[in-house]
Amino acid sequence: MTASTGTSTTSTGTTDAVYDVVGIGIGPFNLGLACLTDPLDDLDAVFLDQADGFAWHHGMMLDDATIQVPFLADLVTMADPTSPFTFLAWLKETGRLYPFYIREDFHPLRMEYDAYCRWAADRLDTLRWGRRVVAVEHDEATDTFTVHAETADGPERYRARHVVLGVGTEPAVPEALQGLGGPVVHSAGYLHARDDLRRADSIAVIGSGQSAAEVYRDLLEGIRDGGYHLDWITRSPRFFPMEDTKLTLEMTSPEYTDHFHGLPREVRDRLGREQRGLYKGISADLVDEVYDTLYRISARGPVPTTLRTDTSVVAAEWLPDRDRYRLTLRHGQLGTEATHEVARLVLATGYRPRTPGFLAPVEHLVARDDRGRFAVARDLHVDTLGGRLWVQNAEEHTHGLTAPDLGMGAWRNASIIRSVTGRTVYGLEERIAFQEFGLPGGRPAPQPRVTTDAPATARPVDGAAAAARRATAGVSA
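Residues numbered from 1 in each chain as written. Predicted model: local features only at pLDDT ≥ 70, side-chain atom pairs only at ≥ 80, totals over all residues. Heavy atoms only, no water.

A. Up close: the pattern of salt bridges. Applying the stated rule across the entire model yields 35 salt bridges. Between Arg110 and Glu214 there is a salt bridge, with its nearest N and O atoms 2.7 Å apart. Of this pair, Arg110 sits in helix 4 (residues 110-122) while Glu214 sits in helix 6 (residues 210-221), placing them 104 residues apart in sequence. Note on Arg110: relative accessible area 10%, which makes it buried. Here Arg326 makes a salt bridge to Glu341, at a shortest N to O gap of 3.3 Å. Taken together, the residues Arg326 in strand 13 (residues 324-331) and Glu341 in strand 14 (residues 337-342) connect sequence positions 15 residues apart. Its relative accessible area of 28% is what places Arg326 among the partly exposed residues. (Salt bridge = Lys/Arg side-chain N within 4 Å of Asp/Glu carboxyl O. Helix = DSSP H or I, 4+ residues; strand = E, 2+ residues; numbered from the N terminus. Buried < 20%, exposed > 50% of the residue type's maximum accessible area, 1.4 Å probe, protein only.)

B. Inspection of the environment of Gly168 at higher detail. Of note, Gly168 is situated in the loop between strand 6 (154-165) and strand 7 (169-171). Along the chain, Gly168 and Pro28 lie 140 residues apart, while their C-alpha atoms are 9.2 Å from each other. Every residue in contact with Gly168, bar those within four places of it in the chain, is listed here: Pro353 and Arg354. (Contact = heavy atoms within 4.5 Å.)

C. Region of interest: empty space enclosed by the protein. This model, assessed by the stated rule, comprises four cavities of 30 Å³ or more. Approximately 90 Å³ is the volume attributed to the largest cavity. If you trace the largest cavity, you find it lined by Thr257, Arg378, Leu380, Glu395, His399, Thr402, Met408, Trp411 and Arg412. Here the residues of the lining of the largest cavity sort into three nonpolar, three polar and three charged. Reported here for the second largest cavity is a volume of approximately 60 Å³. Contributing to the lining of the second largest cavity are Leu165, Gly166, Val167, Gly168, Arg354, Pro356, Phe374, Val391, Gln392, Asn393 and Ala394. For the lining of the second largest cavity, the residue count by class is six nonpolar, four polar and one charged. (1 Å grid on protein atoms, 1.4 Å probe; cavity = no way out; pocket = protein on both sides within 12 Å on 5 of 7 lines; lining within 4 Å. Points joined across faces, edges and corners; volume = space filled by probe spheres on them. Nonpolar A, V, L, I, M, F, W, Y, C, P; charged D, E, K, R; others polar.)

D. Representation of the sheet that holds strand 13 in the model. A sheet is described by the order of its strands in space; here three strands give the open sequence 12-13-14, paired in antiparallel fashion. Edge positions in the sheet fall to strand 12 (311-319) and strand 14, since each of these pairs with one other strand and no more. The mean inter-strand angle of the sheet, taken between neighbouring strand axes irrespective of direction, is 25 degrees. Bridging between strand 12 and strand 13 involves eight bridges; their strand directions are antiparallel. Within strand 13, the residue paired with Glu317 across the bridge is Arg326. (Pairing = 2+ DSSP bridges. Axes fitted to C-alpha atoms, helices over the stretch in contact; angles between N-to-C directions.)

What follows is the structure, given as C-alpha coordinates:
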(Lines give C-alpha, C1' and ligand atoms only; values in the text may rest on other atoms or scores of the structure.)
Protein backbone atom coordinates (compact mmCIF):
# COMPACT_ATOMS: atom_id res chain seq x y z
CA MET A 1 0.00 0.00 0.00
CA THR A 2 1.04 3.60 -0.39
CA ALA A 3 1.45 6.06 2.41
CA SER A 4 -1.17 8.58 3.46
CA THR A 5 0.04 11.29 1.12
CA GLY A 6 -0.47 9.08 -1.91
CA THR A 7 3.24 8.47 -2.51
CA SER A 8 5.56 5.72 -1.42
CA THR A 9 9.17 5.29 -0.46
CA THR A 10 11.07 3.81 -3.36
CA SER A 11 13.91 1.31 -3.18
CA THR A 12 16.43 4.03 -3.97
CA GLY A 13 15.59 6.82 -1.60
CA THR A 14 13.09 8.82 0.35
CA THR A 15 9.86 10.69 -0.16
CA ASP A 16 7.86 12.94 2.14
CA ALA A 17 5.17 10.28 2.57
CA VAL A 18 3.85 9.82 6.10
CA TYR A 19 2.92 6.28 7.00
CA ASP A 20 0.52 5.41 9.75
CA VAL A 21 2.90 2.69 10.95
CA VAL A 22 6.54 1.85 10.39
CA GLY A 23 7.46 -1.54 11.78
CA ILE A 24 11.10 -2.18 12.62
CA GLY A 25 12.08 -5.82 12.43
CA ILE A 26 10.22 -8.57 10.56
CA GLY A 27 9.96 -11.61 12.77
CA PRO A 28 6.74 -13.59 13.26
CA PHE A 29 5.05 -10.85 15.31
CA ASN A 30 5.63 -7.89 12.98
CA LEU A 31 5.04 -10.18 10.00
CA GLY A 32 1.66 -10.98 11.54
CA LEU A 33 1.00 -7.26 11.92
CA ALA A 34 1.86 -6.77 8.25
CA CYS A 35 -0.62 -9.50 7.29
CA LEU A 36 -3.42 -8.01 9.41
CA THR A 37 -2.86 -4.46 8.16
CA ASP A 38 -2.56 -5.48 4.51
CA PRO A 39 -6.31 -5.45 3.71
CA LEU A 40 -6.99 -2.16 5.54
CA ASP A 41 -7.49 0.72 3.11
CA ASP A 42 -7.34 3.33 5.85
CA LEU A 43 -4.04 2.20 7.39
CA ASP A 44 -0.73 2.59 5.55
CA ALA A 45 2.17 0.59 6.88
CA VAL A 46 5.69 -0.38 5.90
CA PHE A 47 8.07 -2.82 7.62
CA LEU A 48 11.87 -2.73 7.62
CA ASP A 49 14.46 -5.41 8.34
CA GLN A 50 18.18 -5.64 7.75
CA ALA A 51 17.99 -9.27 6.60
CA ASP A 52 17.63 -10.23 2.94
CA GLY A 53 14.45 -12.20 3.64
CA PHE A 54 12.47 -13.97 6.33
CA ALA A 55 14.36 -16.56 8.37
CA TRP A 56 13.20 -18.04 11.67
CA HIS A 57 15.59 -20.06 13.85
CA HIS A 58 17.44 -21.55 10.91
CA GLY A 59 20.26 -22.57 13.25
CA MET A 60 17.82 -24.92 15.01
CA MET A 61 15.88 -26.15 11.97
CA LEU A 62 16.15 -29.81 12.92
CA ASP A 63 14.23 -32.17 10.66
CA ASP A 64 11.80 -33.45 13.28
CA ALA A 65 11.52 -30.37 15.50
CA THR A 66 8.02 -28.97 15.96
CA ILE A 67 6.83 -25.65 17.30
CA GLN A 68 5.42 -25.83 20.82
CA VAL A 69 2.01 -24.34 20.02
CA PRO A 70 -0.85 -25.59 17.79
CA PHE A 71 -1.18 -24.47 14.18
CA LEU A 72 -3.93 -22.01 15.16
CA ALA A 73 -1.14 -19.89 16.64
CA ASP A 74 -0.17 -18.75 13.16
CA LEU A 75 0.25 -15.16 11.97
CA VAL A 76 -3.42 -14.24 11.82
CA THR A 77 -5.97 -16.94 12.73
CA MET A 78 -6.63 -15.92 16.35
CA ALA A 79 -7.55 -12.43 15.10
CA ASP A 80 -9.05 -13.28 11.71
CA PRO A 81 -9.68 -16.94 10.79
CA THR A 82 -10.91 -15.80 7.36
CA SER A 83 -7.61 -14.16 6.42
CA PRO A 84 -5.85 -15.38 3.26
CA PHE A 85 -2.65 -15.57 5.34
CA THR A 86 -3.63 -18.50 7.60
CA PHE A 87 -1.52 -21.61 8.03
CA LEU A 88 -4.39 -23.67 6.62
CA ALA A 89 -4.39 -21.48 3.49
CA TRP A 90 -0.67 -22.22 3.07
CA LEU A 91 -1.29 -25.94 3.51
CA LYS A 92 -4.03 -25.84 0.88
CA GLU A 93 -1.96 -23.90 -1.63
CA THR A 94 1.05 -26.20 -1.22
CA GLY A 95 -0.97 -29.42 -1.38
CA ARG A 96 -0.25 -30.39 2.21
CA LEU A 97 -3.69 -29.89 3.75
CA TYR A 98 -4.81 -33.53 3.59
CA PRO A 99 -1.44 -34.97 4.68
CA PHE A 100 -1.50 -32.57 7.66
CA TYR A 101 -5.05 -33.69 8.44
CA ILE A 102 -4.13 -37.38 8.32
CA ARG A 103 -1.05 -36.76 10.48
CA GLU A 104 -3.37 -35.86 13.39
CA ASP A 105 -0.87 -33.60 15.14
CA PHE A 106 -1.78 -30.00 15.82
CA HIS A 107 1.89 -28.95 16.11
CA PRO A 108 3.52 -28.05 12.77
CA LEU A 109 7.11 -28.91 12.05
CA ARG A 110 9.41 -25.99 12.69
CA MET A 111 10.52 -26.04 9.06
CA GLU A 112 6.84 -25.94 8.03
CA TYR A 113 6.20 -22.87 10.14
CA ASP A 114 9.25 -21.15 8.65
CA ALA A 115 8.15 -22.03 5.11
CA TYR A 116 4.64 -20.77 5.88
CA CYS A 117 5.99 -17.43 7.13
CA ARG A 118 8.17 -17.04 4.03
CA TRP A 119 5.12 -17.80 1.88
CA ALA A 120 3.18 -15.05 3.65
CA ALA A 121 6.08 -12.60 3.35
CA ASP A 122 6.28 -13.20 -0.40
CA ARG A 123 2.65 -12.09 -0.74
CA LEU A 124 3.10 -8.73 0.96
CA ASP A 125 4.26 -5.54 -0.76
CA THR A 126 4.78 -3.67 2.50
CA LEU A 127 8.02 -5.42 3.51
CA ARG A 128 11.38 -3.76 2.86
CA TRP A 129 14.34 -6.10 3.27
CA GLY A 130 17.97 -5.06 3.45
CA ARG A 131 17.18 -1.98 5.56
CA ARG A 132 19.29 -1.57 8.71
CA VAL A 133 17.63 0.99 10.94
CA VAL A 134 20.21 3.31 12.51
CA ALA A 135 18.10 6.02 14.16
CA VAL A 136 14.57 7.02 15.07
CA GLU A 137 13.83 10.72 15.54
CA HIS A 138 10.72 12.66 16.53
CA ASP A 139 9.74 16.01 15.04
CA GLU A 140 7.68 18.03 17.50
CA ALA A 141 6.47 20.44 14.81
CA THR A 142 4.79 17.71 12.73
CA ASP A 143 4.47 15.22 15.59
CA THR A 144 5.86 12.45 13.42
CA PHE A 145 8.71 9.98 13.70
CA THR A 146 11.49 9.69 11.15
CA VAL A 147 13.13 6.30 10.79
CA HIS A 148 16.59 6.33 9.21
CA ALA A 149 17.79 3.19 7.47
CA GLU A 150 20.95 2.21 5.64
CA THR A 151 20.81 0.06 2.51
CA ALA A 152 23.30 -1.22 -0.05
CA ASP A 153 22.15 1.66 -2.31
CA GLY A 154 22.48 4.37 0.31
CA PRO A 155 20.44 5.88 3.16
CA GLU A 156 16.65 5.98 3.27
CA ARG A 157 14.19 7.84 5.46
CA TYR A 158 10.65 6.85 6.44
CA ARG A 159 8.21 9.11 8.25
CA ALA A 160 5.39 7.73 10.37
CA ARG A 161 2.87 8.58 13.07
CA HIS A 162 3.51 5.30 14.87
CA VAL A 163 6.50 2.99 15.20
CA VAL A 164 6.23 -0.69 16.18
CA LEU A 165 9.40 -2.36 17.42
CA GLY A 166 9.67 -6.04 16.59
CA VAL A 167 13.43 -6.48 16.76
CA GLY A 168 13.18 -9.79 18.59
CA THR A 169 15.69 -11.33 20.93
CA GLU A 170 19.39 -12.18 20.86
CA PRO A 171 21.37 -15.08 22.33
CA ALA A 172 21.95 -14.77 26.06
CA VAL A 173 25.25 -15.97 27.54
CA PRO A 174 25.79 -16.28 31.32
CA GLU A 175 28.58 -14.15 32.76
CA ALA A 176 30.81 -17.14 33.49
CA LEU A 177 30.76 -18.09 29.80
CA GLN A 178 31.12 -14.66 28.22
CA GLY A 179 34.19 -13.74 26.20
CA LEU A 180 35.36 -17.30 25.65
CA GLY A 181 37.69 -17.90 22.76
CA GLY A 182 37.73 -21.02 20.68
CA PRO A 183 34.88 -22.66 18.76
CA VAL A 184 32.11 -22.16 21.34
CA VAL A 185 28.70 -21.95 19.67
CA HIS A 186 25.29 -20.80 20.86
CA SER A 187 22.37 -23.08 20.04
CA ALA A 188 21.08 -20.34 17.71
CA GLY A 189 23.84 -21.40 15.30
CA TYR A 190 23.93 -25.09 16.15
CA LEU A 191 23.19 -26.56 12.71
CA HIS A 192 25.91 -24.48 11.07
CA ALA A 193 28.47 -25.90 13.54
CA ARG A 194 27.17 -29.48 13.87
CA ASP A 195 29.69 -31.15 11.57
CA ASP A 196 32.62 -29.55 13.40
CA LEU A 197 31.15 -30.52 16.75
CA ARG A 198 30.83 -34.16 15.73
CA ARG A 199 34.51 -34.31 14.78
CA ALA A 200 35.54 -33.52 18.38
CA ASP A 201 36.22 -36.16 21.02
CA SER A 202 33.93 -34.56 23.59
CA ILE A 203 31.01 -32.12 23.60
CA ALA A 204 29.15 -30.41 26.43
CA VAL A 205 25.66 -28.95 26.03
CA ILE A 206 24.98 -26.25 28.62
CA GLY A 207 21.35 -25.33 29.26
CA SER A 208 18.01 -26.34 30.70
CA GLY A 209 15.27 -25.81 28.14
CA GLN A 210 13.88 -27.03 24.84
CA SER A 211 16.90 -26.01 22.75
CA ALA A 212 19.30 -27.84 25.08
CA ALA A 213 17.18 -30.97 24.90
CA GLU A 214 16.92 -30.82 21.09
CA VAL A 215 20.66 -30.34 20.65
CA TYR A 216 21.47 -33.12 23.12
CA ARG A 217 19.04 -35.55 21.49
CA ASP A 218 20.41 -34.71 18.02
CA LEU A 219 24.03 -35.26 19.08
CA LEU A 220 23.04 -38.39 20.97
CA GLU A 221 21.81 -40.00 17.76
CA GLY A 222 25.31 -39.82 16.28
CA ILE A 223 27.28 -40.73 19.39
CA ARG A 224 28.21 -44.24 18.25
CA ASP A 225 29.46 -43.18 14.82
CA GLY A 226 31.08 -39.99 16.10
CA GLY A 227 33.00 -41.60 18.92
CA TYR A 228 32.63 -38.57 21.19
CA HIS A 229 31.64 -38.24 24.81
CA LEU A 230 28.54 -36.12 25.31
CA ASP A 231 27.65 -34.12 28.44
CA TRP A 232 24.42 -32.33 29.24
CA ILE A 233 24.94 -29.88 32.08
CA THR A 234 21.97 -28.03 33.55
CA ARG A 235 21.63 -25.93 36.66
CA SER A 236 18.00 -27.05 37.02
CA PRO A 237 17.54 -29.63 39.76
CA ARG A 238 15.87 -31.92 37.24
CA PHE A 239 14.86 -32.00 33.59
CA PHE A 240 11.69 -29.96 33.89
CA PRO A 241 8.88 -30.61 31.39
CA MET A 242 6.98 -27.59 30.19
CA GLU A 243 3.70 -27.19 32.07
CA ASP A 244 0.94 -27.21 29.47
CA THR A 245 -2.11 -28.53 31.25
CA LYS A 246 -5.30 -26.83 30.16
CA LEU A 247 -6.05 -24.76 33.24
CA THR A 248 -2.44 -23.60 33.25
CA LEU A 249 -2.74 -22.63 29.58
CA GLU A 250 -5.53 -20.26 30.60
CA MET A 251 -2.71 -18.06 31.88
CA THR A 252 -2.01 -17.24 28.23
CA SER A 253 -5.15 -15.14 28.20
CA PRO A 254 -6.10 -11.47 28.08
CA GLU A 255 -7.46 -11.52 31.62
CA TYR A 256 -4.36 -13.09 33.14
CA THR A 257 -2.29 -10.51 31.28
CA ASP A 258 -4.52 -7.81 32.82
CA HIS A 259 -3.95 -9.35 36.25
CA PHE A 260 -0.19 -9.70 35.79
CA HIS A 261 0.24 -6.18 34.44
CA GLY A 262 -1.56 -4.71 37.46
CA LEU A 263 0.76 -6.35 40.00
CA PRO A 264 3.59 -4.45 41.71
CA ARG A 265 6.89 -4.60 39.86
CA GLU A 266 8.54 -6.71 42.56
CA VAL A 267 5.75 -9.29 42.39
CA ARG A 268 5.92 -9.45 38.59
CA ASP A 269 9.67 -10.02 38.70
CA ARG A 270 9.26 -12.82 41.23
CA LEU A 271 6.50 -14.47 39.22
CA GLY A 272 8.60 -14.18 36.08
CA ARG A 273 11.27 -16.30 37.73
CA GLU A 274 8.79 -18.77 39.20
CA GLN A 275 6.84 -19.23 35.96
CA ARG A 276 9.74 -20.07 33.67
CA GLY A 277 8.79 -23.74 33.71
CA LEU A 278 5.44 -22.85 32.17
CA TYR A 279 6.98 -21.85 28.85
CA LYS A 280 10.76 -22.33 29.06
CA GLY A 281 10.78 -25.99 30.01
CA ILE A 282 11.15 -29.02 27.76
CA SER A 283 8.18 -30.57 26.02
CA ALA A 284 7.19 -33.73 27.87
CA ASP A 285 7.34 -35.75 24.65
CA LEU A 286 10.94 -34.69 24.08
CA VAL A 287 11.94 -35.62 27.63
CA ASP A 288 10.58 -39.09 26.96
CA GLU A 289 12.28 -39.24 23.55
CA VAL A 290 15.64 -38.47 25.15
CA TYR A 291 15.16 -41.34 27.59
CA ASP A 292 13.99 -43.70 24.86
CA THR A 293 17.01 -42.80 22.73
CA LEU A 294 19.35 -43.46 25.64
CA TYR A 295 17.64 -46.79 26.27
CA ARG A 296 17.86 -47.83 22.61
CA ILE A 297 21.54 -46.91 22.27
CA SER A 298 22.39 -48.59 25.58
CA ALA A 299 21.25 -51.94 24.16
CA ARG A 300 24.64 -52.09 22.42
CA GLY A 301 26.60 -51.26 25.56
CA PRO A 302 27.26 -48.30 27.88
CA VAL A 303 26.46 -44.92 26.33
CA PRO A 304 29.39 -42.45 26.51
CA THR A 305 27.31 -39.65 27.96
CA THR A 306 26.75 -37.87 31.26
CA LEU A 307 23.67 -35.92 32.34
CA ARG A 308 24.38 -33.52 35.21
CA THR A 309 21.53 -31.73 36.99
CA ASP A 310 21.74 -28.96 39.60
CA THR A 311 25.16 -28.12 38.21
CA SER A 312 26.22 -24.60 37.26
CA VAL A 313 29.23 -23.47 35.25
CA VAL A 314 30.83 -20.85 37.50
CA ALA A 315 34.02 -20.33 35.47
CA ALA A 316 35.36 -21.32 32.07
CA GLU A 317 38.52 -20.84 30.01
CA TRP A 318 39.72 -21.83 26.58
CA LEU A 319 43.03 -23.73 26.44
CA PRO A 320 44.23 -23.19 22.85
CA ASP A 321 47.33 -25.34 23.21
CA ARG A 322 45.12 -28.28 24.16
CA ASP A 323 42.11 -27.41 21.98
CA ARG A 324 39.84 -27.76 25.01
CA TYR A 325 37.75 -25.84 27.52
CA ARG A 326 38.23 -26.10 31.24
CA LEU A 327 34.98 -25.66 33.14
CA THR A 328 34.56 -25.10 36.84
CA LEU A 329 31.32 -26.78 37.89
CA ARG A 330 29.41 -26.23 41.13
CA HIS A 331 26.74 -28.58 42.46
CA GLY A 332 23.85 -26.68 44.01
CA GLN A 333 22.76 -29.21 46.62
CA LEU A 334 26.21 -30.41 47.67
CA GLY A 335 27.93 -27.02 47.48
CA THR A 336 30.99 -28.70 45.95
CA GLU A 337 33.09 -27.67 42.95
CA ALA A 338 35.09 -29.64 40.39
CA THR A 339 36.86 -28.96 37.10
CA HIS A 340 35.88 -30.63 33.86
CA GLU A 341 37.55 -30.44 30.44
CA VAL A 342 35.74 -30.75 27.14
CA ALA A 343 36.69 -30.11 23.50
CA ARG A 344 33.53 -28.32 22.32
CA LEU A 345 30.76 -26.29 23.94
CA VAL A 346 27.17 -25.66 22.86
CA LEU A 347 25.49 -22.91 24.88
CA ALA A 348 21.74 -23.50 24.90
CA THR A 349 21.37 -20.68 27.39
CA GLY A 350 18.36 -18.90 25.97
CA TYR A 351 17.67 -15.44 24.62
CA ARG A 352 17.12 -11.92 25.92
CA PRO A 353 15.36 -8.87 24.44
CA ARG A 354 17.53 -6.77 22.15
CA THR A 355 18.37 -3.24 23.25
CA PRO A 356 17.98 -1.14 20.10
CA GLY A 357 20.57 1.62 19.94
CA PHE A 358 18.62 3.40 17.24
CA LEU A 359 16.20 4.72 19.90
CA ALA A 360 18.86 7.03 21.36
CA PRO A 361 17.50 10.20 19.64
CA VAL A 362 14.04 9.60 21.20
CA GLU A 363 15.20 8.21 24.53
CA HIS A 364 13.61 11.20 26.28
CA LEU A 365 10.24 9.96 25.02
CA VAL A 366 10.72 6.34 26.13
CA ALA A 367 9.13 5.27 29.42
CA ARG A 368 11.34 3.01 31.55
CA ASP A 369 11.06 1.38 34.95
CA ASP A 370 13.49 1.69 37.85
CA ARG A 371 15.62 -1.08 36.34
CA GLY A 372 15.98 0.63 32.96
CA ARG A 373 13.57 -1.68 31.15
CA PHE A 374 10.69 -0.56 28.94
CA ALA A 375 7.76 0.53 31.10
CA VAL A 376 5.23 -1.11 28.78
CA ALA A 377 1.63 0.04 29.10
CA ARG A 378 -1.16 -2.54 28.98
CA ASP A 379 -1.84 -1.66 25.33
CA LEU A 380 1.90 -2.15 24.59
CA HIS A 381 3.04 1.43 24.06
CA VAL A 382 6.29 2.55 25.67
CA ASP A 383 6.32 6.26 24.89
CA THR A 384 5.39 9.25 27.01
CA LEU A 385 3.32 10.70 24.18
CA GLY A 386 0.49 8.33 25.03
CA GLY A 387 0.52 5.65 22.36
CA ARG A 388 2.92 6.22 19.48
CA LEU A 389 5.81 3.82 20.07
CA TRP A 390 4.92 0.15 20.48
CA VAL A 391 6.79 -3.06 21.27
CA GLN A 392 6.39 -6.72 20.37
CA ASN A 393 7.94 -9.44 22.57
CA ALA A 394 9.80 -6.96 24.76
CA GLU A 395 7.23 -6.95 27.57
CA GLU A 396 7.77 -10.21 29.43
CA HIS A 397 8.52 -8.28 32.62
CA THR A 398 5.25 -6.33 32.39
CA HIS A 399 2.87 -8.72 30.60
CA GLY A 400 4.20 -12.09 31.68
CA LEU A 401 4.34 -15.31 29.73
CA THR A 402 2.09 -14.07 26.91
CA ALA A 403 4.92 -11.86 25.59
CA PRO A 404 6.80 -14.56 23.62
CA ASP A 405 3.72 -16.72 22.99
CA LEU A 406 2.98 -17.12 19.29
CA GLY A 407 -0.64 -17.83 20.20
CA MET A 408 -1.12 -14.31 21.59
CA GLY A 409 0.67 -12.58 18.72
CA ALA A 410 -2.43 -12.05 16.60
CA TRP A 411 -4.43 -10.78 19.60
CA ARG A 412 -1.66 -8.32 20.43
CA ASN A 413 -1.50 -7.10 16.84
CA ALA A 414 -5.27 -6.63 16.77
CA SER A 415 -4.92 -4.53 19.92
CA ILE A 416 -2.20 -2.36 18.35
CA ILE A 417 -4.33 -1.90 15.24
CA ARG A 418 -7.28 -0.81 17.38
CA SER A 419 -5.12 1.75 19.18
CA VAL A 420 -3.64 3.11 15.94
CA THR A 421 -6.92 3.33 14.01
CA GLY A 422 -9.18 4.24 16.92
CA ARG A 423 -11.63 1.51 15.99
CA THR A 424 -12.02 -2.23 16.50
CA VAL A 425 -10.98 -3.84 13.23
CA TYR A 426 -10.60 -7.35 14.60
CA GLY A 427 -12.62 -8.59 17.54
CA LEU A 428 -10.67 -8.68 20.79
CA GLU A 429 -11.73 -11.26 23.35
CA GLU A 430 -11.61 -9.79 26.82
CA ARG A 431 -12.39 -12.97 28.75
CA ILE A 432 -11.64 -16.54 27.69
CA ALA A 433 -10.70 -18.30 30.96
CA PHE A 434 -12.99 -20.22 33.29
CA GLN A 435 -10.94 -19.27 36.34
CA GLU A 436 -10.50 -15.98 38.21
CA PHE A 437 -6.97 -14.67 38.62
CA GLY A 438 -7.72 -11.95 41.14
CA LEU A 439 -10.14 -11.42 44.02
CA PRO A 440 -13.03 -9.19 42.94
CA GLY A 441 -13.98 -6.71 45.64
CA GLY A 442 -10.87 -7.53 47.61
CA ARG A 443 -9.33 -5.08 50.04
CA PRO A 444 -5.83 -4.92 51.50
CA ALA A 445 -5.32 -7.71 54.00
CA PRO A 446 -4.42 -6.73 57.57
CA GLN A 447 -0.73 -6.88 58.23
CA PRO A 448 0.66 -9.13 60.99
CA ARG A 449 0.81 -7.27 64.27
CA VAL A 450 4.32 -6.44 65.38
CA THR A 451 4.70 -6.36 69.18
CA THR A 452 6.98 -3.61 70.42
CA ASP A 453 6.33 -3.98 74.15
CA ALA A 454 9.36 -4.78 76.32
CA PRO A 455 9.46 -8.34 77.64
CA ALA A 456 7.95 -8.89 81.08
CA THR A 457 10.38 -8.12 83.92
CA ALA A 458 11.70 -11.24 85.62
CA ARG A 459 10.88 -11.70 89.32
CA PRO A 460 13.60 -10.10 91.48
CA VAL A 461 15.90 -12.57 93.18
CA ASP A 462 16.68 -12.20 96.87
CA GLY A 463 20.45 -12.66 96.85
CA ALA A 464 20.76 -13.41 100.59
CA ALA A 465 17.98 -15.99 100.52
CA ALA A 466 19.50 -17.66 97.51
CA ALA A 467 22.90 -17.86 99.19
CA ALA A 468 21.31 -19.40 102.29
CA ARG A 469 19.60 -22.04 100.18
CA ARG A 470 22.85 -22.91 98.47
CA ALA A 471 24.63 -23.18 101.81
CA THR A 472 21.91 -25.47 103.18
CA ALA A 473 22.28 -27.63 100.14
CA GLY A 474 26.08 -27.71 100.49
CA VAL A 475 26.70 -25.81 97.27
CA SER A 476 29.27 -23.01 97.13
CA ALA A 477 28.77 -19.94 95.01
